[in-house]
Every structure is written in structure tokens, then in C-alpha cells.
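# Chains, contacts and geometry: an overview
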Amino acid sequence: MTLAENDYDVIIIGGGASGLFCASLIGQCGSRVLVIEHTSKVGKKILMSGGGRCNFTNLQVEADNYICANPHFCKSALNGYTQWDFIALVDSYAIKWHERDHGQLFCDDSAREILDMLLSECGKAGVKIETRCEVTQITADEGYTIETGKGTLTSNKLVIATGGLSIPTMNTTPFGYQVAEQFGMRIKSTRAGLVPFMFSDWFREMSEELSGIAIEVTISTGKHAFTENILFTHRGLSGPAVLQLSNYWEPGEPVRIDLLPGDNLEHSFLEDKQTNPKSSLRQLLIQKLPKKLVDLLAQRYWKDETALSITEIPNRRLAEIAQTLHHWELKPASTEGYRTAEVTLGGVDTDDLSSKTMESKTQSGLYFIGEVVDVTGHLGGYNFQWAWSSAYAAAKDLC
Ligand SMILES: Cc1cc2nc3c(=O)[nH]c(=O)nc-3n(C[C@H](O)[C@H](O)[C@H](O)COP(=O)(O)OP(=O)(O)OC[C@H]3O[C@@H](n4cnc5c(N)ncnc54)[C@H](O)[C@@H]3O)c2cc1C
């Protein structure tokens, strides 16, 4: 056992975004805090986030940006610690950031700056961090006794911040769900979110040929639609619009793509008949869409007409072609799963947690924060904002 002492006010299991932030806040109140991390390094997902630049929050944060069985659950925590509070912390470290589309805030330089900031806050607050430490058993009496590969620890309060199941190569674990179940809490079934689609039908070959091409579309399933870029990949479809939609997609459902959102193609074909009568269908479409996509779509849907001039094609047929491009229906075989997912949907049932403090309703002194909870954000910095806000809600109660 390398820990000098083994009795703490608060032990936090999981040294990721929510665990480190929560630890720094509790430590600043003068409590003795220990973070237990089972891998060799804390904050690994922060380092890989946002393509290495960490999309750490968003300028517009609303409950509507989150998916949860109880859509009101996240409101209290998000209002208690807002994006502006986190931006103020980032600014106090003079970390330079910029805004991208849809209010997303990224570091100018590196995600490492966010992790260093959290570690510096933990350092100032006297937080102890124990890495390569496996928890083998938790028992609750007056407080908590935690058996680890490095010895027995005790604490008055326990915070679970072990994240979700995405990217299993980073040694993600279902530990948090198991602890919840141990203390009589329920789990909403989990699945991969913010994840690319894979195809096994004819579209697989087409997407392979188009691999690397990105275009802005509106993609929808059921009541949910997103207008952003999609990216053709050698397995199917990715890009922000697809990742967003994956959170709502049910296996077996088709997805619909409007390849020309905001355009009325049937109407513009009729105009072209007057203004560009000699242009071929292909010439007109490649002004609006990538050539390779137009040619592959033509091969499948309008092989006989692609080289004809627009005036040679009956209006009825042009309407069908326009319909195909505005309502292109594809059927994903599956998602890429946890292997490449950014988040895990589902998790600790919010009916069993206080929305004000994140404390369990079945077990006093036990808290769940971050991604392990059944709260999943849209793409765009919302998942980190949930990590910060839920950590703050718990810390306020624990101080
Ligand atoms: C590739 C990628 C890019 C992303 N980019 C963004 C982005 O730009 N913006 C955004 O908002 N979100 C992003 N996310 C999502 C974001 O990283 C997570 O939502 C966020 O890290 C969740 O914080 P957390 O503290 O709950 O969990 P994590 O940050 O995952 O931390 C959990 C910690 O617990 C540890 N742990 C797990 N099990 C145990 C155990 N049994 N014992 C001890 N320790 C354990 C883990 O090793 C880990 O260190 C991205 C995710 C991925 C995978």
C-alpha cells in the first residue's frame, strides 16, 4: 500500500472529466479527497476529445440538447454550473479558445490544456490521485470501505465517475452500473451513441467509392432531423449529422437524406428547361453536388437519362428524380458500436438520483456524476458540460 493514509472525507472512483473536476471543487472546501483511477493515466478521453482540441462546452446549452428518460433531470445541474462558469475557469488559466459552427468552443492549441487546468486545480486543492488502482469491493456501513489492489480505504462519502463504455481499448468498464445495482438502483439499458453507421447492402460499395467526400444534408429518422455535414466512409456514413442522428436511430429503421436541403429541385429543373435547355441532367446536377456522387446516383436511379438534355426528360420523370434526391432512403445495418462511439446512451436511472445533488435515493452518501448517468448530450461540447455541471452539483452537496 503506497497511500500514506487511508481515511478520506470523499473518495471519487474514476479520474476523467467529471471525477477530476468534482475532486478539485471538494478539495477546495478543505475536505480530504482521493481520486482512484484504474488505468495508468487520468483524463485520457479529454486528451483525445475534439480531434485533440477538446470541444469543452457550447455557447447554447439547453436541456433539449440532452437525451435522458427524464428530460427535466439535467436542468437543475446545468443551471447550477453553466457554460459561462466553465468558460470563466478556462479564461482564468488564459487558455485560448475559439468558436466553431453551432456555438462549439474548442481550445486553440490542445486538449492537454484542459487536463492540465483540472490537474492544477486538483493540485491547489490537495487532491490525492491514485492511478493503476483497481477497486475490488465496496461495502457501506457508517461510511464506505473500499477494497483495492493497493489496500483498504475508507471514506464518509463515495462518488462514482467511471464514465461509459465507448472506446473499449481505453479500458472502459461497466463498474459504475454494477455499483448502482449493488445499492438497489436501476440502470437504463446502454448502447453506443454519437457513432457512425455501417451498411451491408448495395450502399456499402457506393460509400466506399465516395469515401472521404463530405456534404451538407438534412438527415432524419422518425421525428429527429439534423442539418450538418455527412461524410462517406469505407464502411458507410459518418460526419456530425450522422453522429447526431445515431443517438435517435433504432436498429432496422431507415434514415432519410435530403441531399439538397433548402433547394426545390423539381422547381429548379423546370426553370432550367427555360434557361438552360441544352444542359444535360448530369451537367445541372454537378453544379449542386460532387461529380462522383452524381455519377453513382445516376448509375443506380437514372442511368438512361443522365446524358439527356433537360428538355428531353418529361416533367413527371424529373419530379421523381428530384424526389429521390430530397428523400434518399438508406438502411444502416448497424452502428460501429462502442468501438468508435463518442458516448454511451443510457446508464444509471435518473429516477434513483437527486437532480440537485446527484446523490442516490437508495443509498445515502453515494453519488453518480458524468457519463455513467443516463444523460447523453448532442455532439458539440454538451457531454463535457454535463460532466462539469453534474460534478459541481455533487461537489456543492459534499462541501
Ligand atoms: C473520441 C472521443 C471524443 C470526444 N470528444 C468530445 C468533445 O469534444 N466534447 C464533448 O463534450 N465530449 C466529447 N467526448 C465525450 C466525453 O469525452 C465524455 O462524455 C466525458 O469524458 C465523460 O466524462 P466522465 O468523467 O463521465 O467519464 P470519462 O472522462 O470517460 O472518465 C472516466 C474515468 O473513469 C475511469 N474508470 C473506468 N472504470 C473504472 C474503474 N472500475 N475503476 C477506476 N477507474 C475507472 C476511466 O479510466 C476514466 O479515466 C468524446 C469522447 C470520445 C470517445
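Note that the coordinates shown come from a computational prediction; the quantities given were computed from them, not determined experimentally.

## Notes on the sheet that holds strand E16 (residues 255–258)
By way of backbone hydrogen bonds, the strands of a sheet pair with one another, either parallel or antiparallel. The strand order across the open sheet built from 7 strands is E17-E16-E13-E14-E15-E12-E18, with neighbouring strands paired in antiparallel fashion. Each edge of the open sheet is held by one strand with a lone partner, namely strand E17 (328–330) and strand E18 (334–335). Two elements, E16 and E17, share 3 bridges in a ladder whose sense is antiparallel. Looking at E17, one finds that Arg256 is bridged to Glu329. Across the sheet, helix H12 (residues 315–326) lies against E16 and E17, angled at about 115 degrees from E16, the strand it touches most.

## A short note on the nonpolar core
With 82 residues, the main nonpolar core has Ile12, Ile114, Ile138, Phe368, Trp386 and Trp388 as its most contacted residues. Other than its neighbours up to four places away in sequence, Trp388 contacts Ala17, Phe21, Phe56, Tyr81, Phe86, Ile114 and Leu118. The next biggest cluster of nonpolar side chains, apart from the first, holds 43 residues, and it includes Leu265, Phe269, Leu293 and Leu297.

## Brief notes about the state of the cysteines
A complete count under the given rule lists 1 disulfide for this structure. For Cys29, the disulfide goes to Cys399, at an S-S distance of 1.9 Å. With the S-S dihedral at roughly 75 degrees, the linkage between Cys29 and Cys399 falls on the right-handed side. Of the two residues, Cys29 sits in the loop between helix H1 (17–28) and strand E2 (33–36) while Cys399 sits in the segment after helix H13 (382–398), which places them 370 residues apart along the sequence. Looking at Cys29, the relative accessible area reads 41%, which means it is partly exposed. With no disulfide of its own, Cys54 lies 5.4 Å from the sulfur of Cys107, the closest cysteine sulfur. Judged by its relative accessible area of 0%, Cys54 falls in the buried class. Here Cys133 stays free of any disulfide, with the sulfur of Cys122 as its closest cysteine sulfur at 16 Å.

## Examining the UniProt feature "domain: RsdA/BaiN/AoA(So)-like insert" (unreviewed entry) in the protein chain
The sites that carry the UniProt feature "domain: RsdA/BaiN/AoA(So)-like insert" (unreviewed entry) are, in the present numbering, residues 191–343. Along residues 191–343, the helical share is 36% and the strand share 23%, with 9 Å between the first and last C-alpha atoms.

## A few points about the UniProt feature "domain: RsdA/BaiN/AoA(So)-like Rossmann fold-like" (unreviewed entry) in the protein chain
UniProt's feature table lists "domain: RsdA/BaiN/AoA(So)-like Rossmann fold-like" (unreviewed entry) at residues 9–396, given in the numbering used throughout. Secondary structure across residues 9–396 comprises 32% helix and 24% strand; the distance between its end C-alpha atoms is 14 Å.

## What about helix H5 (residues 112–124)?
For H5, built from 13 residues, the straight-helix expectation of 18 Å at 1.5 Å per residue is met to within 8% by its first-to-last C-alpha distance of 18 Å. Looking only at H5, the buried set comprises Ile114, Leu115, Met117, Leu118, Glu121 and Cys122. Seen along its axis, H5 keeps its buried residues to an arc of 160 degrees; they face one direction. For H5, exposure combined with an orientation more than 90 degrees from the buried face picks out Gly123 and Lys124. In this structure, the buried residues of H5 make contact with H1, helix H2 (44–48), strand E3 (55–58), helix H4 (83–92), strand E6 (104–107) and H13. With its phi angle positive at about 70 degrees, Gly126 sits one or two positions after the end of H5.

## With respect to the pairing of strand E8 (residues 135–140)
Direction of pairing for E8 relative to strand E9 (residues 144–148): antiparallel, over a ladder of 5 bridges. When the sheet's bridge partners are listed, Val135 is paired in E9 with Thr148. Hairpin remark: E8 followed by E9, antiparallel, with 3 residues in the connecting loop.

## Re the site of the ligand
Inspection of the region around the ligand gives 29 residues, with Ser18, Glu37, Thr173, Glu371 and Phe384 positioned closest. At a separation of 3.3 Å, an oxygen atom of the ligand approaches a polar backbone atom of Ala17. The fraction of the free accessible surface of the ligand (1,000 Å²) that becomes covered by protein chains is 93%. When residues of the shell around the ligand are traced back to their parent elements, those giving at least two are H1, H2 and H13.

## Structural notes on the domain arrangement of the protein chain
Domain annotation of the protein chain identifies domain 1 (7–191 + 345–398) and domain 2 (196–335). Contact residues are listed per partner, giving 8 residues for domain 1 and 11 residues for domain 2. Where domain 1 abuts domain 2, roughly 720 Å² becomes buried across the two surfaces, and 47% of that area is made up of carbon and sulfur atoms. For the domain 1 face of the interface with domain 2, the top three residues by lost area are Arg191, His378 and Leu379, together amounting to 62%. In this assembly, domain 1 and domain 2 are joined by 0 salt bridges.

The rules we used
Residues numbered from 1 in each chain as written. Predicted model: local features only at pLDDT ≥ 70, side-chain atom pairs only at ≥ 80, totals over all residues. Heavy atoms only, no water. Pairing = 2+ DSSP bridges. Helix = DSSP H or I, 4+ residues; strand = E, 2+ residues; numbered from the N terminus. Contact = heavy atoms within 4.5 Å. Axes fitted to C-alpha atoms, helices over the stretch in contact; angles between N-to-C directions. Core = buried A, V, L, I, M, F, W, Y, C linked by side-chain atoms within 4.5 Å. Buried < 20%, exposed > 50% of the residue type's maximum accessible area, 1.4 Å probe, protein only. Disulfide = S-S within 2.5 Å. UniProt positions renumbered as here; feature names shortened; annotations may be inferred. Expected span 1.5 Å × (residues − 1). Arc of directions from axis to C-beta. Near = heavy atom within 4 Å. Polar contact = N/O pair within 3.5 Å; in protein donor to acceptor, adjacent residues only side chain to side chain. Areas by Shrake-Rupley, 256 points an atom, 1.4 Å probe, with all protein chains shown as cover. Domains from an automatic or database assignment. Buried area = accessible area lost by both parts, 1.4 Å probe. Salt bridge = Lys/Arg side-chain N within 4 Å of Asp/Glu carboxyl O.

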